[in-house]
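Residue-level listing of the chains:
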Amino acid sequence: MAIKAVSPKTIEEAAQILRDGGLVGMPTETVYGLAANALNGEAVAKVFEAKGRPAINPLIVHVYSIDEAAKYVELNDFARAAAHKFWPGPLTMILPKVQGCKVSDLASAGLDTLAVRVPAHKVALSLLKGAAVPLAAPSANKSGSLSPTSPAHVHDSLGGKVDMILAAGASSVGLESTVLDLSGEEPVVLRPGGVTAEDLSEVLGVEVRYADGDADKPKSPGLLLKHYAPNTKVRLNAVDVDEGEALLAFGSLKFMGLKQGGFAKDLPEGRLCNLSDRGDLHEAAANLFAMLKELDKSNAKAIAVMSIPDEGIGRAINDRLRRAAES
Ligand code: TXA
Ligand code: MG
């Protein structure tokens with residue numbers, strides 16, 4: 001396996017690997033994906049195997065344009081409106097497959113719907129055009145662990161199992177895409193992300209709601225409550241830091257103290273990360289997984305997390321944090 005810096009040559013090499021049925025770590029604006037040719041069932045099977053992902057959990061199929069998406073799914077009026085507004089970008093739509101859809105049944109876990117997305121990353125788009133096939137790509141991590149936002153994360157999680165990692169720096173959004181189900185009577189957000197239900201309501205002209213968090217019966221098979229989890233215990237809405245804890249901060253540290261006395265800003269090296277010291281939610285989203293991973297390595301007894309406003313992309317951050325805290 002090789003981590004290769006992006007160039008026209010390495011993109012063509014990666015495209016060839018994909019056409020030949022191999023796996024590539026693909027940068028996107030949300031998180032790194034583990035990409036395979038979605039038309040090739042054996043290649044898709046390798047994705048499930050590499051991640052240790054249950055085969056009942058379908059994958060997102062990435063394409064480079066709305067017209068490409070239309071080859072595989074029925075784009076209704078809602079889908080076209082959302083695609084025009086948010087593609088390329090961090091929005092995945094669940095839609096009925098077209099008749100005779102060529103995507104491997106394994107990619108959609110045998111469902112008659114398919115998740116599709118056009119990523120807003122120039123390397124991903126070049127790779128999709130170069131490979132000339134749709135790419136099934138879940139996040140490039142072991143099933144159940146934190147999603148990768150850098151090539152090094154992909155290497156740490158799946159190193160021996162991918163044929164090449166295309167290295168293009170850190171993912172700018174940092175959280176997985178919003179998953180919007182447009183296959184039912186009314187549009188429902190199954191997974192919160194950078195595109196909010198409010199953004200979608202405005203474009204679709206109807207109320208878009210978030211799915212109820214019924215963990216036993218997730219609408220999206222991947223939305224099991226325990227997910228995105230570090231190994232260290234996570235404690236939410238912390239107002240101070242207990243002895244032996246690490247702190248994942250958000251905003252000013254002025255009023256954060258240590259239970260045993262002293263200030264949070266004086267925590268030892270490696271025990272403190274601030275998602276955004278200026279309190280910016282987009283910056284916080286981009287830092288979330290990398291900082292959780294870093295604090296996970298600090299041998300702390302728990303990671304205390306300051307509260308994050310539940311608005312805009314903050315809602316998606318809190319969704320991931322709640323899953324990380326579930327044990
Ligand atoms: O940002 C992203 O979406 C990243 C990058 C690589 O594009 N990909 C990603 O894929 O997060 P993955 O496989 O980790 O998450 C896909 C989610 C899962 O929760 C899965 O259950 C759901 O989408 N999903 C896929 N197809 C579905 C379908 N037909 N019906 C309902 N949920 C579906
Ligand atoms: Mg994932």
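See above for the structure.
Residues numbered from 1 in each chain as written. Chains lettered and ligands numbered in written order. Predicted model: local features only at pLDDT ≥ 70, side-chain atom pairs only at ≥ 80, totals over all residues. Heavy atoms only, no water.

1. Remarks on the packing of helix H8 (residues 281-296) against helix H9 (residues 314-325)
- One way to put it is that H8 packs onto H9 with a least axis distance of 9 Å and a crossing angle of 20 degrees. With respect to each other, H8 and H9 are oriented roughly parallel. Pair H8 / H9 crosses with left-handed handedness. Two secondary-structure elements touch here, H8 through Leu281, Ala284, Ala285, Leu288, Phe289 and Leu292 and H9 through Gly314, Ile317, Arg320 and Leu321.
- In terms of residue class, the contact of H8 with H9 is built from eight nonpolar, one polar and one charged. (Axes fitted to C-alpha atoms, helices over the stretch in contact; angles between N-to-C directions. Helix = DSSP H or I, 4+ residues; strand = E, 2+ residues; numbered from the N terminus. Parallel < 35°, antiparallel > 145°, perpendicular 65-115°, else oblique. Left-handed = near helix turned anticlockwise from the far one by under 90°. Contact = heavy atoms within 4.5 Å. Nonpolar A, V, L, I, M, F, W, Y, C, P; charged D, E, K, R; others polar.)

2. A look at the sheet that holds strand S7 (residues 135-136)
- Strand order in the open sheet formed by 11 strands is S1-S8-S2-S3-S7-S4-S6-S5-S9-S10-S11, with mixed pairing between adjacent strands. Every other strand in the sheet has two partners, leaving strand S1 (2-5) and strand S11 (209-210) as the edge strands with one partner each.
- Relative to strand S9 (residues 178-181), strand S5 (residues 91-96) is paired through four bridges, and the arrangement is parallel. Considered in S9, the bridge of leucine 91 is made with threonine 178.
- Contacts from helix H6 (residues 151-158) reach S1, strand S3 (33-37) and strand S8 (164-167) within the one sheet, and its direction differs from that of S8 by about 160 degrees. (Pairing = 2+ DSSP bridges.)

3. Re the packing of helix H1 (residues 8-19) against helix H5 (residues 122-131)
- The contact between H1 and H5 brings their axes to 9 Å, and the two run at 50 degrees. Classified by the angle their axes make, H1 and H5 are oblique. Handedness of the crossing formed by H1 with H5: right-handed. Residues Ile11, Ala14, Ala15, Leu18 and Arg19 of H1 pack against Val123, Ser126, Leu127, Gly130 and Ala131 of H5.
- Across the contact of H1 with H5, the residue classes tally to seven nonpolar, two polar and one charged.

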